[in-house]
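Overview (structure and organization)
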Amino acid sequence: MSGIQTGTLADLKEALAVRQAAAEASGETIDSPLLSDRPKVEPKRDAFGRSYATGRRKNAIARVWIKPGKGEITVNGKKVLEYFARPVLRMLLGQPFLVADRYNQFDVIATVTGGGLSGQAGAVRHGISRALTYYEPDLRPILKVAGFLTRDSRVVERKKYGRAKARRSFQFSKR
């Protein structure tokens, strides 16, 4: 395999299942973080049966609680349809559940501060992914491969003096 392969989340799950089935059928041991025999990790849940995690993206910070339920997502006291009006942002929130085959099985309560709507949606997605790994530690390899547990460290570059923006110069005038 050379080069970078791209695909959908369904392709990722299918490839993982095929790889596991092939390893079991041949009796081989594959040295992979997905298939290795890691020590059993205990779930982290509070007295109410919830798991808590913090998600971050750009300047947004999200505090996320998940618990078993019907798939309702509440952000800052509002339904997800009200808070994130754009379908793309709502799609971001559902990705960890789709990859983990847990769609509409958990209720999410999130409080988000800082940043804009895009950064907040990314922060909630990061928080949901981390909370899922605390609730069900067996989901960690799947979410890790999909890239949902990695904090996206890209932030806006600061404005410099003598410049219009971070890199944009003022318009040059010959006369």
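Here we summarise the structure given alongside this text. Model, not experiment: these values are computed from the prediction. (Residues numbered from 1 in each chain as written. Predicted model: local features only at pLDDT ≥ 70, side-chain atom pairs only at ≥ 80, totals over all residues. Heavy atoms only, no water.)

With that out of the way, let us pick up the overall build of the chain. In terms of regular secondary structure, the chain is built from five helices and five strands. Per-residue burial for the chain yields a buried fraction of 30% across its 175 residues. Pairs at least 24 residues apart make up 68% of the contacts formed inside the chain by residues separated by at least 6 positions. For the chain, the computed accessible surface area is about 11,900 Å², with 53% contributed by carbon and sulfur atoms. (Helix = DSSP H or I, 4+ residues; strand = E, 2+ residues; numbered from the N terminus. Buried < 20%, exposed > 50% of the residue type's maximum accessible area, 1.4 Å probe, protein only. Contact = heavy atoms within 4.5 Å. Areas by Shrake-Rupley, 256 points an atom, 1.4 Å probe, with all protein chains shown as cover.)

Another aspect to go through is the side chain of Thr54. Note that Thr54 resides in strand S1 (residues 51-57). A relative accessible area of 17% means that Thr54 is categorised as buried. Among the polar contacts listed, one links the side chain of Thr54 to the side chain of Tyr52, at a separation of 3.0 Å. When neighbours within four sequence positions are excluded, Thr54 is seen to be in contact with Ile61, Ala62, His126, Gly127 and Arg130. (Polar contact = N/O pair within 3.5 Å; in protein donor to acceptor, adjacent residues only side chain to side chain.)

So, on to the environment of Val155. Relative to the helices and strands, Val155 resides in the segment after helix H5 (140-146). Among the residues examined, Val155 registers a relative accessible area of 52% and is labelled exposed. With 96 residues separating them along the chain, Val155 and Asn59 place their C-alpha atoms 7.4 Å apart.

The next subject is the pattern of salt bridges. Throughout the structure, instances matching the rule amount to eight salt bridges. We note a salt bridge from Glu72 to Lys70, for which the minimum N-O separation is 4.0 Å. On the basis of relative accessible area, Lys70 is assigned to the exposed category, the value being 65%. The salt bridge involving Arg102 is made with Glu136; its shortest N-O contact spans 2.8 Å. Of this pair, Arg102 sits in the loop between helix H3 (87-99) and strand S5 (106-113) while Glu136 sits in the loop between helix H4 (117-135) and H5; the two residues are 34 residues apart in sequence, bridging distant segments of the chain. Residues joined in a network through salt bridges with shared partners are Arg57, Asp152 and Arg154. (Salt bridge = Lys/Arg side-chain N within 4 Å of Asp/Glu carboxyl O.)

It is worth spelling out helix H1 (residues 9-26) at this point. Given a rise of 1.5 Å per residue, 18 residues ought to cover 26 Å, and the 26 Å separating the end C-alpha atoms of H1 matches this to within 8%. Backbone geometry just downstream of H1 places Gly27 in the positive-phi region, at approximately 75 degrees. (Expected span 1.5 Å × (residues − 1).)

Relative to S5, strand S2 (residues 60-68) runs antiparallel, the two being bridged by eight bridges. Looking across to S5, one finds that Ile61 is bridged to Thr113. (Pairing = 2+ DSSP bridges.)

One open sheet accounts for five strands, arranged S1-S2-S5-S3-S4; its pairing is mixed. Each having just a single partner strand, S1 and strand S4 (78-79) make up the two edges of the open sheet. Its contacts with the sheet place H4 against S1, S2 and S5, and it is angled at close to 145 degrees to S1. (Axes fitted to C-alpha atoms, helices over the stretch in contact; angles between N-to-C directions.)

Another point: the side chain of Asp107. Position of Asp107 among the secondary structure elements: in strand S5. The buried charged residue Asp107 lacks any salt bridge, with Lys67 as its nearest oppositely charged partner at 5.2 Å. From its side chain, Asp107 meets the backbone nitrogen of Lys70 in a polar contact 3.0 Å long. A polar contact is formed between the side chain of Asp107 and the backbone nitrogen of Glu72, at a distance of 3.0 Å. In this structure Asp107 touches Trp65, Ile66, Lys67, Pro68, Gly69, Lys70, Gly71 and Glu72, once residues within four positions along its chain are discounted. (Lys, Arg positive; Asp, Glu negative; His and termini not counted.)

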